[in-house]
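Residue-level structural notes
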Amino acid sequence: MAENVGGAPVQDLTPEEVARGLSQGRIVLVDVREPNETAVERFPEAVEAPLSSFDPAAVPDPDGRQVVFACRSGKRSTTAARIAQSQGFPYNAHLAGGLLAWKAAGLPTES
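The residue numbering used here restarts from 1 in each chain and proceeds along that chain's sequence as written. In keeping with the predicted nature of the model, local features appear solely for residues at pLDDT of at least 70, side-chain atom pairs appear and are counted solely at 80 or more, and the whole-chain, interface and lining totals rest on all residues. In computing side-chain values, all of the structure's heavy atoms are included and hydrogens and water are not.

**A closer look at helix 3 (residues 75–86)**
We apply this condition: The helix count covers DSSP runs of H or I at least four residues long, the strand count covers runs of E at least two residues long, and both are numbered beginning at the N terminus. Expected span, for any helix, means 1.5 Å times one less than how many residues it has. Working definition: with a 1.4 Å probe on protein chains only, accessible area under 20% of the residue-type maximum means buried, over 50% means exposed, and in between means partly exposed. Directions are taken from the helix axis to each C-beta atom, and the arc is the one they span.
The first and last C-alpha atoms of helix 3 sit 17 Å apart over 12 residues, in line with the 16 Å expected at 1.5 Å per residue. For helix 3, the set of buried residues is Ser-77, Thr-78, Ala-80, Ala-81 and Ala-84. Buried positions in helix 3, seen along its axis, are confined to an arc of 160° and lie on one side of it. Structural note: helix 3 exposes Lys-75 and Ser-86 on the side pointing more than 90 degrees away from its buried face. Downstream of helix 3 by one or two residues, Gly-88 has phi in the positive range, about 90°.

**Regarding the pattern of salt bridges**
Note the cut-off: What makes a salt bridge here is a side-chain nitrogen of Lys or Arg within 4 Å of a carboxyl oxygen of Asp or Glu, nothing more.
Per the stated rule, a full pass over the model turns up five salt bridges. For Lys-103, the salt bridge is made with Glu-41, and the minimal N-O distance between the two is 3.0 Å. Of the two residues, Lys-103 is situated in helix 4 (residues 98–104) and Glu-41 in the loop between helix 2 (35–38) and strand 4 (47–48); the sequence distance between them amounts to 62 residues. According to the relative accessible area criterion, Lys-103 is partly exposed, its value standing at 40%. Judged by relative accessible area, Glu-41 falls into the buried class, the value being 18%. Note that Arg-42 is salt-bridged to Glu-110, the shortest N-O span being 3.2 Å. Here Arg-42 is found in the loop between helix 2 and strand 4, whereas its partner Glu-110 is found in the segment after helix 4, with 68 residues between them in sequence.

Right, dumping it as structure tokens:
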């Protein structure tokens, strides 16, 4: 399902879709929460790129994998996807519901 936000479509992925993509090596998960948030709890295997200093060019080369943004609830990850697209990057997916949905689905976090 694609949501049209600010002119740039952002694809909603469920926690299960993201977890499956991570385990199969098809997804690079980019957490755009701030360091004080990720210090408390983080997604396993996520790359950290805080939205306050977000530069899509700094996202590691996905090497054929899909880049998926994540945050606490899904708002900042949508913003990150829109910023990346506005700068010409093909990154258009985010974890719908963010960390809250991830945990509600019973998926693991690291502290």
